[in-house]
Amino acid sequence: MKDIKKMTYRELEQEVISNRCELRTASLEHKRELIRRNHALMVEMDARWNAAEQKRRGMK
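Described below are features of the structure shown in this document.

**Digging into the overall build of the protein**
Within the protein, the regular secondary structure consists of two helices and zero strands. Over its C-alpha trace the protein gives a radius of gyration of 14 Å, far above what one expects of a compact globule, namely 10 Å for 60 residues. Taking the principal axes of its C-alpha atoms as reference, the protein extends roughly 50 × 15 × 15 Å. Each of the 60 residues in the protein was classed as buried or not, and the buried ones make up 22%. Intrachain contacts of the protein at a sequence separation of at least 6 include 57% that bridge at least 24 residues. For the protein, the exposed area adds up to about 4,900 Å²; of that, 56% sits on carbon and sulfur atoms.

**Brief notes about helix 2 (residues 28-58)**
Think of an α-helix as 3.6 residues a turn; residues three or four steps apart then line up on the same face. With 31 residues, helix 2 extends 45 Å between its outermost C-alpha atoms, agreeing within 8% with the 45 Å of an ideal straight helix rising 1.5 Å per residue. Restricting attention to buried positions, one finds in helix 2 the residues L34, R37, N38, L41, E44 and M45. In this structure, the buried residues of helix 2 make contact with helix 1 (9-23).

**Observations concerning helix 1**
Relative to the 21 Å expected for 15 residues at 1.5 Å per residue, helix 1 spans 21 Å between its end C-alpha atoms, a close match to the ideal helical length. Along helix 1, the positions that sit buried rather than exposed are L12, E15, V16 and N19. Angularly, the buried residues of helix 1 cover 105 degrees about the axis, an arc narrow enough to put them on a single face. Here the buried face of helix 1 lies against helix 2.

**Some points on the pattern of salt bridges**
Summed over all chains, the structure comprises seven salt bridges. Between E44 and K5 there is a salt bridge, and its shortest N-O distance comes to 3.0 Å. Of this pair, E44 sits in helix 2 while K5 sits in the segment before helix 1, and the two are 39 residues apart along the sequence. With a relative accessible area of 61%, K5 lands in the exposed category. For E53, the salt bridge is made with R57, and the minimal N-O distance between the two is 3.6 Å.

Calculation criteria
- Residues numbered from 1 in each chain as written.
- Predicted model: local features only at pLDDT ≥ 70, side-chain atom pairs only at ≥ 80, totals over all residues.
- Heavy atoms only, no water.
- Helix = DSSP H or I, 4+ residues; strand = E, 2+ residues; numbered from the N terminus.
- Rg over C-alpha atoms; globule rule 2.2 N^0.38 Å.
- Buried < 20%, exposed > 50% of the residue type's maximum accessible area, 1.4 Å probe, protein only.
- Contact = heavy atoms within 4.5 Å.
- Areas by Shrake-Rupley, 256 points an atom, 1.4 Å probe, with all protein chains shown as cover.
- Expected span 1.5 Å × (residues − 1).
- Arc of directions from axis to C-beta.
- Salt bridge = Lys/Arg side-chain N within 4 Å of Asp/Glu carboxyl O.

Here's what the structure looks like:
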């Protein structure tokens, strides 16, 4: 797995989608890992989104 901080926003999105699809057939332990990873990915996506929004608002 690639370091979350070095991934592009699109890569973050793609991994979240991929992990969600994989959740259906994963074992219980693997589901826990996927859920933890998805949480970390979504937290990073949210932080980037908010930073971009703050930057956009500051330019007005």
